[in-house]
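# Architecture and fold: a report
If you want the building blocks of each chain, they are given just below.
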Amino acid sequence: MDVMALKQLESGGAFAEVEGYLAGEAIRSRDAAAFKYASAYFIRRGKPAKSLECYSHYLTFAGNAEPDAEGIALAIDCARRLDKHALVRDYLFSLSPKEREKLPSATLMSAAHSLIQLGQLDEAEKILGFIRHRSGVPQLLSFDALIEQKFGNLANARAFIAKKTNLKAEGDPIQTVQEALTIALAHMADRNYSGAEKILQACKANLAA
């Protein structure tokens, strides 16, 4: 079905027929033009989430068509506000790496947040690293580099935990937030995340006392 036919159906109030086509035949035939139209259609219908989904289909089905970077930046921001994290990722990856680098930092931050929510931590870290580089802020250490810097290796981290545990048993409590953070990092190096959380919660309780 061509876009003119869809417009005529919309103007006649045949919304069920329009949406039936988009949900069925348009998907099967990879009708990019229909989904480009639908991204505006669903805005008019007051359904922003559906509009974003249709724009994602348009990007997928358009093939070699040059992506609209400005439109994609807006779509990423909108999808993030709607907590549509998979859509944010799809929009981001519809651009080439060079095109992604031209996106505003706020848009890239939105994309990094969604990637974190999806568990794609390495991709999120790449984006955050690029933002820091572009802004001139010194690169932060990765978690593994931080552990290596503080303890050297896992055996040293475990020895540090044992030492602090013995001191605590002897009545020597954790004195500072920095000390609590170092002990928590040692637990995290040993993949004892519940132990790290207990240390930080205890530190929080002490500060509130």
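The structure we're discussing is the one just above.
Residues numbered from 1 in each chain as written. Predicted model: local features only at pLDDT ≥ 70, side-chain atom pairs only at ≥ 80, totals over all residues. Heavy atoms only, no water.

## Some remarks on the side chain of Glu10
- Positionally, Glu10 belongs in helix H1 (residues 3-11).
- Residue classification places Glu10 among the buried positions, given a relative accessible area of 16%. (Helix = DSSP H or I, 4+ residues; strand = E, 2+ residues; numbered from the N terminus. Buried < 20%, exposed > 50% of the residue type's maximum accessible area, 1.4 Å probe, protein only.)

## A word on the nonpolar core
- Core analysis: the biggest nonpolar cluster contains 37 residues, and Leu22, Tyr91, Leu92 and Ile127 have the highest contact counts within it.
- Counting only elements with at least two residues in this core, the list comes to H1, helix H2 (15-23), helix H4 (32-44), helix H5 (48-61), helix H6 (69-81), helix H7 (85-93), helix H9 (105-117) and helix H10 (121-135).
- Sorting elements by how many residues they give to this core places H4 first, with seven residues.
- The contacts of Leu22, once residues within four sequence positions are left out, are Ile27, Ala34, Phe35, Ala38 and Phe42. (Core = buried A, V, L, I, M, F, W, Y, C linked by side-chain atoms within 4.5 Å. Contact = heavy atoms within 4.5 Å.)

## Here's the deal with the environment of Ile43
- Within the secondary structure, Ile43 sits in helix H4.
- What Ile43 contacts, discounting residues up to four positions off in sequence, is Pro48 and Ser51.

## What about the pattern of salt bridges?
- Scanning the model with the defined rule gives nine salt bridges in all.
- With a shortest N-O distance of 3.7 Å, Lys47 and Glu19 are connected by a salt bridge. With Lys47 in the loop between H4 and H5 and Glu19 in helix H2, this pair connects stretches of sequence that are 28 residues apart.
- Here the residues in one salt-bridge network are Glu19, Arg45 and Lys47, joined through shared partners. (Salt bridge = Lys/Arg side-chain N within 4 Å of Asp/Glu carboxyl O.)

## Topic: unusual backbone geometry
- Even without a glycine there, the phi angle at Arg30 is positive, about 50°.
- Among the secondary structure elements, Arg30 is positioned in the loop between helix H3 (25-28) and H4.
- Of note in the backbone geometry, Arg191 takes a positive phi value of approximately 60° without being a glycine.
- Note on placement: Arg191 falls in the loop between helix H13 (177-189) and helix H14 (193-208).

## A closer look at the packing of aromatic side chains
- Evaluation of the coordinates by the stated rule reveals seven aromatic pairs.
- Relative to Phe61, the ring of Phe35 lies with its centre 5.7 Å away and its plane at 55°, an arrangement referred to as tilted. Residue Phe35 is located in helix H4, and its partner Phe61 is located in helix H5; the two are separated by 26 residues in the primary sequence.
- The exposure class of Phe61 is buried, given its relative accessible area of 14%.
- Over the aromatic face of Phe42 sits the side chain of Lys50, whose NZ or CZ is 5.7 Å from the ring centroid. (Phe/Tyr/Trp six-rings, centres within 6.5 Å; stacked < 30°, edge-to-face > 60°. Lys NZ or Arg CZ within 6 Å of the ring centre and 35° of its normal.)

## A short note on the packing of H9 against H10
- Orientation of H9 relative to H10, taken along the N-to-C sense of each, is 160°, at an axis distance of 8 Å. As the angle between them shows, H9 and H10 are arranged roughly antiparallel. In this structure, H9 meets H10 at a crossing whose hand is left-handed. For the pair H9 and H10, the contacting residues are Ser105, Leu108, Met109, Ala111, Ala112, Leu115 and Ile116 in the first and Leu121, Glu123, Ala124, Ile127, Leu128, Phe130, Ile131 and Arg134 in the second.
- Its residues assigned to classes, the contact of H9 with H10 comprises 12 nonpolar, one polar and two charged. (Axes fitted to C-alpha atoms, helices over the stretch in contact; angles between N-to-C directions. Parallel < 35°, antiparallel > 145°, perpendicular 65-115°, else oblique. Left-handed = near helix turned anticlockwise from the far one by under 90°. Nonpolar A, V, L, I, M, F, W, Y, C, P; charged D, E, K, R; others polar.)

## Section: H13
- For H13, built from 13 residues, the straight-helix expectation of 18 Å at 1.5 Å per residue is met to within 8% by its first-to-last C-alpha distance of 18 Å.
- For H13, every residue scored as buried is listed here: Glu179, Ala180, Thr182, Ile183, Ala184, Leu185, Ala186 and His187.
- Arg191, located one to two residues past H13, shows a positive phi value of around 60°. (Expected span 1.5 Å × (residues − 1).)

The analysis is restricted to geometry; functional conclusions fall outside its scope.
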